[in-house]
Amino acid sequence: MKHINFLISTLFLVTVLFLANGFAQDYVHYATLTGHTDHIFSIAFSPDGQTLASGGADTTIRLWDVSIGKHKKTLTEHTNWIRSVSFSPDGRTLISGGSDTIRLWDIATQKWIFIGNTLLRRKFTFSPDGKMIACSNPDNTIRLYDATTLIYKKTLIGHTRDIFSLSFSSDGKMIASSCWNEQIRLWDVATGKHKKL
């Protein structure tokens, strides 16, 4: 019996060490990206995983080449805190915004191609087809905009606290949102109504 217990204990220890070693190899620190001079509020990978965008309280957006861990470009046209950055699904456009304006950037030229004044303060995200942008606002609403022109489409009303996360479903027909009162709401994009399951 002692022999069996010893074998079981040995096998357990070997398994734990094997798994620990495996996890240690899976999570490796690759690089530290430095350059911002104040708090960083948002980061986003491009769809191809080659570029990282970051924005924050220093009013700049930095683009990074993640394959080598180097800074590529700094976009400086914002005049106040940048709360959120997000790439379009095709990776050609970056949207940024926060406490001053919302801007669409052409990634190829790294120049802004559209600017809009909105109540945007928190987060935004592109729909999977890249045709629509969902924005959370300080009045606890979510507004939907045309992703090319930033023309307003509709408002989703229901949250009673700040909204800090948004996500489209893979088919683009639903939006999930979460806020500080521990609620997650699901919305029908076509009707703008809160889905009741």
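Here the residue numbers are simple positions, counted from 1 along each chain's written sequence. Since the coordinates come from a predicted model, pLDDT governs what is reported: local features require at least 70, and pairs of side-chain atoms require 80 or more to be given and counted, while whole-chain, interface and lining totals use all residues. Values shown for side chains rest on all heavy atoms present in the structure; no hydrogens or waters enter the calculation.

Trainee: Mind showing me how you'd approach the overall build of the chain here?
Mentor: Looking only at helices and strands, one finds 1 helix and 16 strands in the chain. Across the 197 residues that make up the chain, the buried fraction comes to 37%. Expressed as a percentage of contacts within the chain between residues at least 6 apart in sequence, the contacts between residues at least 24 apart total 33%. Accessibility throughout is a Shrake-Rupley quantity obtained with a 1.4 Å probe, and a residue counts as covered only by protein chains that appear here. Working note: accessible area of the chain is about 11900 Å², and carbon and sulfur atoms make up 57% of it. A helix here means a DSSP run of H or I that spans at least four residues, while a strand means a run of E at least two residues long, and both kinds are numbered starting from the N terminus. Classification of residues uses two cut-offs on accessible area relative to the type maximum, computed with a 1.4 Å probe and protein chains only: under 20% is buried, over 50% is exposed, and between them is partly exposed. Should any heavy atoms of two residues lie within 4.5 Å, those residues are counted as being in contact.

Trainee: Whenever I open this one, the sheet that holds strand 14 (residues 174-179) confuses me. Can you help?
Mentor: Whether parallel or antiparallel, the strands of a sheet pair through hydrogen bonds between backbone atoms. Sheet architecture is open: 4 strands sit in the order 13-14-15-16, paired in antiparallel fashion. Each end of this open sheet is capped by a strand with a single partner; those strands are strand 13 (163-168) and strand 16 (193-194). Here, any two strands with at least 2 DSSP bridges between them count as paired. In the sheet, strand 14 pairs with strand 15 (residues 184-188) via 5 bridges, with the strands oriented antiparallel. Residue pairing across strands places Ala176 opposite Leu186, the latter belonging to strand 15.

Trainee: What exactly am I supposed to notice about the environment of Met174 here?
Mentor: Along the polypeptide, Met174 turns up in strand 14. A relative accessible area of 27% means that Met174 is categorised as partly exposed. Excluding anything up to four places from it in sequence, Met174 contacts Ser167, Phe168, Ser169, Leu186, Trp187, Val189 and Lys195.

Trainee: Quick question: what am I supposed to make of the packing of aromatic side chains here?
Mentor: For any pair of aromatic rings, geometry is given as the distance between the ring centres together with the angle between the planes. Each pair of aromatic rings taken from Phe, Tyr and Trp, with Trp reduced to its six-membered ring, is defined by centres within 6.5 Å and is described as stacked if the planes are under 30 degrees apart, edge-to-face if over 60, and tilted in the remaining cases. Applying the stated criterion across every chain yields a total of 2 aromatic pairs. Centre to centre, the rings of Phe41 and Trp81 are 5.1 Å apart; their planes meet at 45°, and the pair counts as tilted. With a gap of 40 residues between them, Phe41 in strand 1 (residues 40-45) and Trp81 in the loop between strand 4 (70-75) and strand 5 (82-87) connect regions that are remote in the sequence. Overall, the relative accessible area of 27% leaves Phe41 in the partly exposed class. A residue is classified by how much of its surface remains accessible, and Trp81, at 35% relative accessible area, is partly exposed. For a lysine, the NZ atom is tested; for an arginine, the CZ atom; a charge sits over a ring if that atom is within 6 Å of the ring centre and within 35 degrees of the ring normal. Positioned above the aromatic ring of Phe41 is the side chain of Arg83, whose terminal nitrogen or guanidinium carbon lies 5.2 Å from the ring centre.

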